[in-house]
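Overview (structure and organization)
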Amino acid sequence: MTKESQPSGPDLTSGVALTQFVDGKLLGHVGEEEVLLVQDGSEIFAIAAHCTHYHGPLNEGLMVGGTIRCPWHHACFDLRSGDAVRAPALAPLDCWHVEKRDNLVFVREKRVGLIPRGKPSAGAPEKIVIVGGGAAGFAAAEMLRRREFRGSIVMLSSDSSAPVDRPNLSKDYLAGSAPEDWVPLRPDSYYNEAGIELRLNSEVVSIDTNARHVTTARGDQVAFDRLLLATGAEPVRLSIPGADQPHVRTLRSLTDCRAIIDAAKGARRALVIGASFIGLEVAASLRTRGVEVHVVAPEARPMERVFGPALGDFVRALHEEHGVVFHLEDGVTSIAAKSVALKSGGALDADLIVTGVGVRPRIALAEKAGLAIGRGVSVNEYLETSAPDIYAAGDIARWPDAYMRDRIRVEHWVVAERQGQTAALNMMGEKTPHRAVPFFWSQHYDVPINYVGHAEKWDAIEVDGDVMGRDCFVRYKSGGRTLAIASIYRDKQCLEAAAAMEREAGGHAS
Ligand SMILES: Cc1cc2nc3c(=O)[nH]c(=O)nc-3n(C[C@H](O)[C@H](O)[C@H](O)COP(=O)(O)OP(=O)(O)OC[C@H]3O[C@@H](n4cnc5c(N)ncnc54)[C@H](O)[C@@H]3O)c2cc1C
Ligand code: FES
């Protein structure tokens, strides 16, 4: 190991004094591994210093009720066991034994076998079927096995690849800065080893709620005791002339992403239609690849509907700084092989077109099965649909949200994973309500924007800090109550706000 790559902080095996802790934490190392000491009441824990999701620095995280939360995307780890109790991290943290002697704390050998095992309950089902191989479906299957569900798990996915880290498809992987092996959520071998029967290219076309089986497009019938619907959303496709040509792309799957990467290799100018999260993340990634990018969108400011005017202006300025050219309050009326016609008149040359004009939840299957639908698949706080033993999670589910005091449906990665995890526990016979306050992040170049809560509309926006200076905490309020917050480089404050909202919502059940 070179001098530069030496882990930081003191050697924790030689002992450190409690007076060296700052805010209850001390970063050091054991051999080459960075280890974080955490004081929680009278107890001291030694855990791996980096989050198992994307390596976030846990010494900048927040401790809440025996857990530590990652500052980057709010994964939550149990301090005692290292268990990744809440997504987006799915793998546990390493933990070490700690010894206290003469006012010094010493870190000893690694601890093993700490993750609590589930107790097979009397009412546990034998066969669980999951429709969907995305965020919610994968997180559910993983949680079932983590909690030692011993029955069969069949995951039916219409995708051609095993579950992938979808947010990466518009960010590092598309930009060419993440290797291919970052994309799968688990290696292919995982599914066999975990006893999860993953059937790819398997579209479920019907559910028989009485006979309790699903049928795939190939005609296979798969019986279930409990069923999870996690069919996600699909990109809205434009219906303008020329939108069906091969150089017009949408982005949802790994296959879509590979096609955009291939097309970008020979492209001089890409046109992104829609200033959505995905559209603008695609714009940023294509700029990183050196492709000229124009964005055409109907709104006056990108993302104003979600973030308000100040952050909207910031997002625009950030992209312009990187060379993106916006055509706002405009639209595309038709697409030719090498150009598009604009609503405002005139044409724009483009050899690659990516549309990011929103998604539609894939609820047709649930609708056909007669499940209650209300702008999404209606579920109760346990994520159970109107049909007993059939659950729904992720982009399709509309649930009664305790903090919002309303039924909401959101399209966020972390929410989908956490709902998958909660549905898994409930399918095993628990009664765990979904109480996590919604969280999402979006990344543009090197600037992450974090968002907690859910504000479809507001009557006041309070900005603390300097938005253009990339240091801000923005509150979206209605009737004096904060519905949501967005932040840039205010990670600790954002974690604290999420924890406060969660307390108000009645705990952190999932
Ligand atoms: C490119 C991209 C980037 C994103 N970035 C972010 C981000 O930065 N932050 C964030 O919070 N969110 C982000 N999102 C949104 C996030 O990925 C979704 O909210 C999340 O994936 C929803 O999870 P899900 O399980 O509901 O659906 P999905 O992950 O979409 O999974 C649905 C699965 O169901 C399968 N399926 C559908 N119908 C059937 C059927 N009838 N039979 C069998 N299988 C079926 C699909 O093939 C798929 O495997 C991004 C989305 C995309 C596309
Ligand atoms: S890096 Fe920790 S949650 Fe993403």
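Values in this document were obtained by computation on a predicted structure and should not be read as measured data. (Residues numbered from 1 in each chain as written. Chains lettered and ligands numbered in written order. Predicted model: local features only at pLDDT ≥ 70, side-chain atom pairs only at ≥ 80, totals over all residues. Heavy atoms only, no water.)

1. Things to note about the overall build of the protein chain
Stated precisely, the cut-off is as follows: Where helices and strands are cited, they refer to DSSP runs of H or I of at least four residues and of E of at least two residues respectively, numbered from the N terminus. Each radius of gyration is computed over the set of C-alpha atoms, and the globule rule expresses the reference value as 2.2 Å times the number of residues to the power 0.38. For each residue, the accessible area found with a 1.4 Å probe, counting protein chains only, is set against the maximum for its type, and the residue is called buried under 20%, exposed over 50%, and partly exposed in between. Residue contacts are defined here by distance: any two heavy atoms, one from each residue, within 4.5 Å place the two residues in contact. Here the accessible surface of atoms and residues is derived via Shrake-Rupley with a 1.4 Å probe, and residues count as covered only by protein chains that are part of the display. When charges are counted, Lys and Arg contribute as positive and Asp and Glu as negative, whereas His and the chain ends are disregarded. A single reference atom marks each charge: NZ on Lys, CZ on Arg, CG on Asp, CD on Glu.
Looking only at helices and strands, the protein chain has 9 helices and 36 strands in total. Here the C-alpha radius of gyration of the protein chain, 24 Å, is about what a compact globule of 510 residues would show, namely 24 Å. Dimensions of the protein chain, computed from C-alpha atoms along their principal axes, come out at roughly 80 × 60 × 50 Å. Taken across its 510 residues, the protein chain has 55% of its residues classed as buried. Counted over contacts in the protein chain with a minimum sequence separation of 6, partners at least 24 positions apart contribute 59%. In the structure as shown, the protein chain presents an accessible area of about 21100 Å², 48% of it carried by carbon and sulfur atoms. Computing the positive centroid from 57 side-chain charges and the negative centroid from 66, the protein chain places the two 3 Å apart.

2. Describing the sheet that holds strand β36 (residues 481-488)
Where we set the bar: Two strands pair under a simple rule: DSSP has to find at least two bridges between them. As a rule, the C-alpha atoms of each element are fitted with a line to give its axis, helices using only the stretch in contact, and angles between N-to-C directions run from 0 to 180 degrees.
Read across the sheet, 5 strands follow the order β32-β33-β36-β35-β34 without closing on themselves; strand pairing throughout is antiparallel. The sheet is open, and its two edges are formed by β32 (439-444) and β34 (460-466), each paired on a single side. Averaged over all adjacent pairs, the angle separating strand axes in this sheet is 15°, with direction ignored. Pairing geometry for β34 and strand β35 (residues 471-478), over 7 bridges, is antiparallel. Bridging across to β35, Asp464 finds its partner in Phe473. The sheet strands contacting helix α9 (residues 491-505) are β33 (447-453), β34, β35 and β36, and the helix crosses β36 at an angle near 155°.

3. Let's talk about the nonpolar core
Side chains of nonpolar character tend, in soluble globular proteins, to be buried together. Filter applied, for reference: Think of a nonpolar core as a cluster: buried Ala, Val, Leu, Ile, Met, Phe, Trp, Tyr and Cys residues, connected wherever their side-chain atoms sit within 4.5 Å.
Residues Leu229 and Phe307 are the most contacted members of the largest nonpolar core, which totals 123 residues. With sequence-adjacent residues up to four places away left out, Leu229 is seen in contact with Val131, Ile207, Leu365, Ala366, Leu371, Ile390, Tyr391, Ala392, Ala393 and Ile396. Counting 29 residues, the second largest nonpolar core, distinct from the first, contains Leu58, Ala75, Phe77 and Val105.

4. Re the packing of helix α5 (residues 277-288) against helix α6 (residues 304-321)
As a reminder, the rule being used: Orientation is classified from the angle alone, with under 35 degrees giving roughly parallel, over 145 giving roughly antiparallel, 65 to 115 giving roughly perpendicular, and any other angle giving oblique. Should the near helix be turned counterclockwise from the far one by less than a right angle, the crossing is left-handed, whereas a clockwise turn marks it as right-handed.
Interaxial distance between α5 and α6 falls to 12 Å at its minimum, and their mutual angle equals 20°. Here α6 runs roughly parallel to α5, going by the angle between their axes. Seen from above, α5 lies across α6 with left-handed handedness. Contact residues: α5 offers Phe277, Leu280, Ala283 and Ala284, while α6 offers Val306, Phe307, Val315 and His319.

5. A short note on empty space enclosed by the protein
Quick note on the threshold: Think of a 1 Å grid over just the protein atoms. A cavity is a set of points where a 1.4 Å probe fits yet cannot get out, a pocket is an open set with protein on both sides within 12 Å along at least five of seven lines, and lining residues have an atom within 4 Å of a point. Grid points are joined across faces, edges and corners, and a volume is the space filled by probe spheres set on the points. Amino acids outside the nonpolar list (Ala, Val, Leu, Ile, Met, Phe, Trp, Tyr, Cys, Pro) and the charged list (Asp, Glu, Lys, Arg) are all regarded as polar, and Gly is one of them.
The tally for this structure, following the rule as stated, stands at 2 cavities of 30 Å³ or more. Here the largest cavity defines a volume of roughly 90 Å³. Arg69, His74, Cys76, Arg86, Arg418, Val437, Phe439, Leu495, Ala498 and Glu502 together form the lining of the largest cavity. Here the lining of the largest cavity gets 3 residues from one element, more than from any other, and that element is α9. Each residue belonging to the lining of the largest cavity can be placed in one class, and the counts come to 5 nonpolar, 1 polar and 4 charged.

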